[in-house]
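A structural walkthrough
In case you want the letters, here they are:
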Amino acid sequence: MSGPGPLRVPLGSIAAGVVALPAEAASYVVRVHRLREGDRFVVFDPELGIEADATLEAIGKRSAEARIDAPRPAALRPGRRVTWIQAVGKGDKMDAVVRDATELGATRIIPAISARSVARPGEDRAQRWRRIAVEAARQCGRGDAPRVDAPMSLAAALAEAHAAEGGALGMCLDPYAETPLGARLAALVPGMEAAFAVGPEGGFTPEELGVCAALGFDRVRLGALTLRTETVCAAALGALIAVSDARAG
């Protein structure tokens, strides 16, 4: 759900001064939201995590110009690096995962191909997921968007997270694990990266669970029920936020 506040518009490059808005941004501001000359909005760069106030200066038939104020660091950005490794499932399930992960603070999303992944998406799907992440960031008020990698093998995805600077607390979501997620999250310290791995429909194979363990991803469970693969993200990242907020308070 969109929160209160000014209209937010993603912009690839932000610099102070009067600029011609890209066609997509101009259409979004003028035709979708019906802004008029003199109206204010906010532009943000989802890759660099910066934003700036803007004023609509001029409207043409198919163009628009805006005056951009001095850029500043985005006010709302995740306070912790979080990598979400999602084994690709059927249909558009990955779309929902990308939206949830973005809204709940993931800073990197890695689509993984596992043994039980039916779909084998290409780079074109990754481009779609990147657009979904930017739109989700705009809607939730976030000043950046997570990095969305091209699909890769599960082993490569786990290795990417394992090699993160300073290490990461790895968690492999498995409904048959003995350790509850909350107990694993208790090991998080301020500034430590968190990394999650989730299987497709049918879960990871025993061999894949072994690879997860070898790379520091301990098996954890989310309660007693078995969740759908596209539901796990919201539940796990929601738990991470709750733990982090409780400690911050």
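So, here is what we can say about the structure in this document. Note that this is a predicted model, so its numbers are computed, not measured. (Residues numbered from 1 in each chain as written. Predicted model: local features only at pLDDT ≥ 70, side-chain atom pairs only at ≥ 80, totals over all residues. Heavy atoms only, no water.)

When its volume is computed, the largest pocket comes out at roughly 780 Å³. Around the largest pocket, the lining is made up of 29 residues, and of these P10, P46, R130, V134 and A145 lie nearest the centre. Put simply, the parts of the chain that give the lining of the largest pocket at least two residues each are β1 (8–10), α1 (23–32), α3 (123–140) and β9 (147–148). Among the elements that take part in the lining of the largest pocket, α3 stands out by supplying seven residues, more than any other. Here the lining of the largest pocket is built from residues that sort into 13 nonpolar, three polar and 13 charged. In this model, the second largest pocket occupies a volume close to 500 Å³. Forming the walls of the second largest pocket are 22 residues, and the residues nearest its centre are P78, G79, R80, I241 and S244. Taken together, the elements giving at least two residues each to the lining of the second largest pocket come down to α2 (93–103) and α7 (232–248). For the lining of the second largest pocket, the element with the most residues is α7, which contributes seven residues. Considering only residue class, the lining of the second largest pocket consists of eleven nonpolar, five polar and six charged. (1 Å grid on protein atoms, 1.4 Å probe; cavity = no way out; pocket = protein on both sides within 12 Å on 5 of 7 lines; lining within 4 Å. Points joined across faces, edges and corners; volume = space filled by probe spheres on them. Helix = DSSP H or I, 4+ residues; strand = E, 2+ residues; numbered from the N terminus. Nonpolar A, V, L, I, M, F, W, Y, C, P; charged D, E, K, R; others polar.)

The next subject is the pairing of strand β5 (residues 64–68). Taking every second residue as pointing to the same face, the buried face of β5 carries A64, A66 and I68, while none of E65 and R67 on the other face is buried. In this sheet, β5 lies alongside strand β2 (residues 17–20) in antiparallel orientation, the contact comprising four bridges. Bridging across to β5, V19 finds its partner in A66. Here strand β4 (residues 50–59) hands over to β5 after four residues, the two strands then running antiparallel side by side. (Buried < 20%, exposed > 50% of the residue type's maximum accessible area, 1.4 Å probe, protein only. Pairing = 2+ DSSP bridges.)

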